[in-house]
Amino acid sequence: LFTMEPPIVYYPRQEYIETDTGNKVSRKSVICGSQNIILGGKTIIQTDCVIRGDLRRTGGGHAVVVAIGRYCLLANGSIIRPPYKTYKGYYPMKIGDHVTIGEGSIVEAATIGSFVNIGKNCVIGRFAIIKDCCRIEDNTVIPPNTIVPSFSIYEGSPDELPECVQDLYEAKTKDFYSKFQSKDS
């Protein structure tokens, strides 16, 4: 997965705003409702990203709508928006630490755990939950309300159900049990 040193990526300093906590946000990204967005620190938001912090719950006061952890990367053209409107307004989204969201991906998940890599041009459906240490391959569609277990690799679209380690082991152990028979019968 990571076999060689990543190259140094140079960016034009005047195109990015750097916060006190080390976040680097492109001036060419669209951040709506910034008062409702929390960046954990050392997060990079590249050009043409859209984060919709303006879609929030109804009522007064500040409400965190999008919380993004530390050392995250939102690649060029990725879109982050809260999952859906409930009767009280939009449901908040939480993204863990060390998460990469690839170019052109659209994310409407309820929760994305830590150490998650979402590839290019993916669609993460409303209220999806992606647990820790997952990889979502390029061009993958995760349907709404899907729960992606920890340590999973998802690829493809809904008509191609992905293999999940838990499901594989369950099928393997049940199959072994059914084939474990005495010689006497």
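Structure: see above.
This one's a predicted model, so the numbers in the text were calculated from it and none came from an experiment. (Residues numbered from 1 in each chain as written. Predicted model: local features only at pLDDT ≥ 70, side-chain atom pairs only at ≥ 80, totals over all residues. Heavy atoms only, no water.)

> Would you take a moment to explain the pattern of salt bridges for this structure?
A pair can form between side chains of opposite charge whenever their charged atoms are brought close. Tallied over the full model, the rule gives five salt bridges. The salt bridge involving R52 is made with D54; its shortest N-O contact spans 2.8 Å. Assessed through its relative accessible area of 26%, R52 is described here as partly exposed. Among the salt bridges present, the one from E137 reaches R135, with a minimum N-O distance of 2.8 Å. You can call R135 partly exposed: its relative accessible area is 25%. Among the ionic contacts, a cluster of salt bridges with common partners joins R81, E108 and R126. (Salt bridge = Lys/Arg side-chain N within 4 Å of Asp/Glu carboxyl O. Buried < 20%, exposed > 50% of the residue type's maximum accessible area, 1.4 Å probe, protein only.)

> Whenever I open this one, the pairing of strand 7 (residues 66–70) confuses me. Can you help?
In regular strands, side chains alternate between the two faces of the sheet. In terms of burial, strand 7 is a largely internal element, four of the five residues being buried. Where strand 4 (residues 37–41) and strand 7 come together, four bridges link them in parallel fashion. Bridge assignment links I37 to a residue of strand 7, and that residue is V66. In this structure, strand 7 lies alongside strand 12 (residues 93–95), joined through three bridges in parallel fashion. What sits directly across from A67, in strand 12, is K94. (Helix = DSSP H or I, 4+ residues; strand = E, 2+ residues; numbered from the N terminus. Pairing = 2+ DSSP bridges.)

> Looking at this structure, how should I read the sheet that holds strand 3 (residues 30–32)?
Within a sheet, neighbouring strands are paired by backbone hydrogen bonds and run either parallel or antiparallel to one another. Spatial strand order, 3-6-9-14-17-20: six strands in an open sheet with parallel pairing. If you trace the sheet from one side to the other, it starts and ends with strand 3 and strand 20 (141–142), each paired once. Here two bridges tie strand 9 (residues 79–80) to strand 14 (residues 106–107), and the two strands are oriented parallel to one another. Within strand 14, the residue paired with I79 across the bridge is I106.

> Looking at this structure, how should I read the sheet that holds strand 19 (residues 135–136)?
Pairing is mixed across the open sheet formed by eight strands, whose spatial order is 1-2-5-8-13-16-19-22. Each edge of the sheet is formed by a strand with only one pairing partner; in this case those strands are strand 1 (16–18) and strand 22 (153–154). Note that strand 8 (residues 73–74) and strand 13 (residues 100–101) share two bridges and pair parallel. From the neighbouring strand, L73 faces strand 13, where its bridge partner is T100.

> Explanation requested: unusual backbone geometry in the structure shown.
For H98, which is not glycine, the phi dihedral falls at a positive 60°. Following the sequence through the fold, H98 ends up in the loop between strand 12 and strand 13. Residue H98 is classed as partly exposed on the basis of its relative accessible area of 37%. In the Ramachandran plot, F127 falls in the positive-phi region, its phi being about 60° despite a non-glycine side chain. For F127, the location among the structural elements is in the loop between strand 17 (123–124) and strand 18 (129–130).

Coordinates in, geometry out; function isn't part of it.
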